[in-house]
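The primary structure of each chain is shown beneath.
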Amino acid sequence: MALFRVPPSFPSTLPSAFPQKPLSVSSFSISCSSKSTPNQLNNNDDNRNTDNPKGPKRLSEQSSWEAKDSEGRDYLYRLGKEADNMNIAVGARAGVIDDLFAGNFLGRDSDIVFDYRQKVTRSFEYLQGDYYIAPAFMTHQCVTFWSSKIVCHIVKNYLAHLLNVKVPLILGIWGGKGQGKSFQTELIFQAMGIEPVIMSAGELESERAGEPGKLIRERYRTASQVVQNQGKMSCLMINDIDAGLGRFGNTQMTVNNQIVVGTLMNLSDNPTRVSIGQDWRESDVTNRIPIIFTGNDFSTIYAPLIRDGRMEKFYWQPTCEDIVSIVHRMYEKDGISKVEVVNIVDKFPNQALDFYGALRSRTYDRSISKWIEDIGGVEKLGHKLLRQRKNEELPVFTPPKQTLEALLESGYSLLREQQLIMETKLSKEYMKNIDD
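Given the structure is predicted, the values throughout are model-derived calculations rather than measurements.

On to the packing of aromatic side chains. What the rule picks out here adds up to five aromatic pairs. With a centroid separation of 4.6 Å and 55° between ring planes, the pair formed by W174 and Y315 is classed as tilted. Residue W174 is found in strand β3 (residues 170-175), and its partner Y315 is found in strand β7 (residues 311-316); the two are separated by 141 residues along the sequence. Among the residues examined, Y315 registers a relative accessible area of 43% and is labelled partly exposed. Centroid distance Y364 to F397: 6.3 Å. Interplanar angle 20°. Geometry classified as stacked. Taken together, the residues Y364 in the loop between α12 (353-362) and α13 (365-374) and F397 in the loop between α14 (381-386) and α15 (404-424) connect sequence positions 33 residues apart.

And the structure:
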């Protein structure tokens, strides 16, 4: 600012060309500055009342949005740098975001990602009853090879930072179709109190390149959040992986297949550094989460993925004793004795475990047909099942009484259908130009 003051020698009278009237001149000042807007002037006025006039105005003295990290970046900057510009892992937690946005109507610690976790993770409330884990008892004195293989793999991965050995991140369980690989594994999860994240081979392909690989990393990080936030053991399980990644004959290898294989190999080599697209941060360390595959033929999968050091392989083929014990536990509520179960297994050798489940289900067909007649026939079936009144009850369904003869009859019926498919082979008639 420049000040100009009239000197005392300035003539107090005007030239003769003007009227001879004394003129009193008071001092005046001129302020020279850049153009200022009213908002800036108001901000300047406000800043005069603070201890630091040159600092920017804060939203709130207690706001965490403007808290700086070690690199001088605030929360909003870090949020904007993350993938898809969203952060569902924070939620409305007191002390994490401003109280203005947390509020009291949802609770001080409401978590917006709770529903997301509940959909992704798997709980086993539906497994009610006494199931068989082969063989009969899983105690510290008699641990089965099946259960010890899975339990040992999970425990080794959670203790990997304490062991001076290379621990494979992946356990591959493979074997014949319908032998109970997935179900036996879920029973062990239930016994150990594990809350796993389970995927299927159908999620390993997408119309957009890179989506399945990103989904695997997100599911892996979700399992890590279960360990960190809920204090429960977790793992990532992918069922029938050879159906999604296997190479059969002249099947085409897609970009997503390559990305998924590369993602799984990278997880095996770097299990604690998993990115979903955001910038790397030193504090972003993921818990090591064991991965379990199930499949029928791992020879169709890319060989470097299943090599020793990355994947530990386990071939599951239940023994005759295992099959008898599992089927007996299945038929136990029907009053079928173990001797009768042995007779059924001997009548249908070389059958998978799911055959005996389908055999029991086939015995319900006649009872269901009779129940349809009791409600008025097939014409009224849709109305009775879907449009019954609120207080209207369906007729009581009486399950059939299971006998050895009925089970054997159902088994022979299923066996005839299997043989008919193998003998007819209509695909040869439809594609005669294809060589055998």
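Take a nonpolar patch on the surface next. A surface patch of nonpolar side chains, amounting to about 420 Å² of accessible area, comprises V155, L159, L162, L163 and V165. Here L159 is to be found in the loop between α5 (145-158) and β3.

Their axes nearest at 10 Å, the elements helix α10 (residues 320-331) and α12 cross at an angle of 25°. Put simply, α10 runs roughly parallel to α12. In the packing of α10 onto α12, the handedness of the crossing is right-handed. Mapping the contact onto sequence places I323, I326, V327, M330 and Y331 in α10 and L353, Y356, G357, L359 and R360 in α12. A class-by-class count of the residues in the contact of α10 with α12 yields eight nonpolar, one polar and one charged.

Criteria and thresholds
Residues numbered from 1 in each chain as written. Predicted model: local features only at pLDDT ≥ 70, side-chain atom pairs only at ≥ 80, totals over all residues. Heavy atoms only, no water. Phe/Tyr/Trp six-rings, centres within 6.5 Å; stacked < 30°, edge-to-face > 60°. Helix = DSSP H or I, 4+ residues; strand = E, 2+ residues; numbered from the N terminus. Buried < 20%, exposed > 50% of the residue type's maximum accessible area, 1.4 Å probe, protein only. Patch = residues over 30% accessible without salt bridge, like charges linked within 9 Å, V, L, I, M, F, W, Y side chains within 5 Å. Areas by Shrake-Rupley, 256 points an atom, 1.4 Å probe, with all protein chains shown as cover. Salt bridge = Lys/Arg side-chain N within 4 Å of Asp/Glu carboxyl O. Axes fitted to C-alpha atoms, helices over the stretch in contact; angles between N-to-C directions. Parallel < 35°, antiparallel > 145°, perpendicular 65-115°, else oblique. Left-handed = near helix turned anticlockwise from the far one by under 90°. Contact = heavy atoms within 4.5 Å. Nonpolar A, V, L, I, M, F, W, Y, C, P; charged D, E, K, R; others polar.

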